[in-house]
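Listed here are the chains, written in short residue letters.
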Amino acid sequence: MKTTLIAGLALLLSPAAALAQSGPAAATLPNGFDQPASAPATPPIVQAMADERTEDALRDFIAGAAAGDIDTSNMTEDLVTAIAGQSDQVSALIESYGAVQAVTFTGKKDGADLFDVLFANADTQWVIGFNDAGKVAILLFRPAPAQ
């Protein structure tokens, strides 16, 4: 789990079919949203209050990425490094999603906040969290699973 949390920004998709539907992926990392069948049980997602910083940081990231100008000043060095090689792909993908229609906090897991973000052309899920120094240390997203 620690690898997933430190990995930073990644578009995490399910099987290769999802990759083909959504175009190039920002990265291929273990799915931080779901646990493998062999993993030990983790605590359920807790419905609690969102960290007061996360929604604003998430909206700022999405707006910057859609404009092709990701602001990394509030991110950890590890996250900045993870973003460096994939920012153009991520920006193009988020721009293709269209305008943000709604951002909904859905719970907390392992100290990070979970959000559903509905765009004009896509429904997505996001994980965002801060380290003790107040920097964004975790930022993951993926298309929302089909209902």
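Everything that follows concerns the structure shown earlier in this document.
Below or above, wherever it landed, is the structure these notes cover.

1. Things to note about the side chain of Thr76
(1) Moving on: Here Thr76 shows up in the loop between helix H3 (54-66) and helix H4 (77-84).
(2) Moving on: Judged by its relative accessible area of 13%, Thr76 is buried.
(3) Moving on: Excluding anything up to four places from it in sequence, Thr76 contacts Asn131, Lys135, Val136 and Ala137.

2. Details of the pairing of strand S3 (residues 123-130)
(1) Moving on: S3 sits mainly inside the fold: seven of its eight residues count as buried.
(2) Moving on: As defined by bridge partners, strand S2 (residues 112-119) adjoins S3 across six bridges and the pair is classed as antiparallel. By the bridge assignment for S3, Asp116 is matched with Gln125.
(3) Moving on: Counting the residues between successive antiparallel strands, the hairpin from S2 to S3 contains three residues.
(4) Moving on: Bridge analysis of S3 against strand S4 (residues 136-143) gives seven bridges, and the strand direction is antiparallel. Paired with Ile128 across the strands is Leu139, a residue of S4.
(5) Moving on: In sequence, S3 turns back onto S4 through a hairpin of five residues, with Gly134 there showing a positive phi of about 85 degrees.

3. Digging into the pairing of strand S1 (residues 100-109)
Look at any regular strand and the pattern is simple: side chains alternate between the two faces of the sheet.
(1) Moving on: Judged from the eight bridges that link them, S1 and S2 form a sheet pairing that is antiparallel. If you follow Val100 over to S2, its bridge partner there is Phe119.
(2) Moving on: Between S1 and the antiparallel strand that follows it, S2, lie two residues; Asp110 among them carries a positive phi value of about 55 degrees.

Calculation notes
- Residues numbered from 1 in each chain as written.
- Predicted model: local features only at pLDDT ≥ 70, side-chain atom pairs only at ≥ 80, totals over all residues.
- Heavy atoms only, no water.
- Helix = DSSP H or I, 4+ residues; strand = E, 2+ residues; numbered from the N terminus.
- Buried < 20%, exposed > 50% of the residue type's maximum accessible area, 1.4 Å probe, protein only.
- Contact = heavy atoms within 4.5 Å.
- Pairing = 2+ DSSP bridges.

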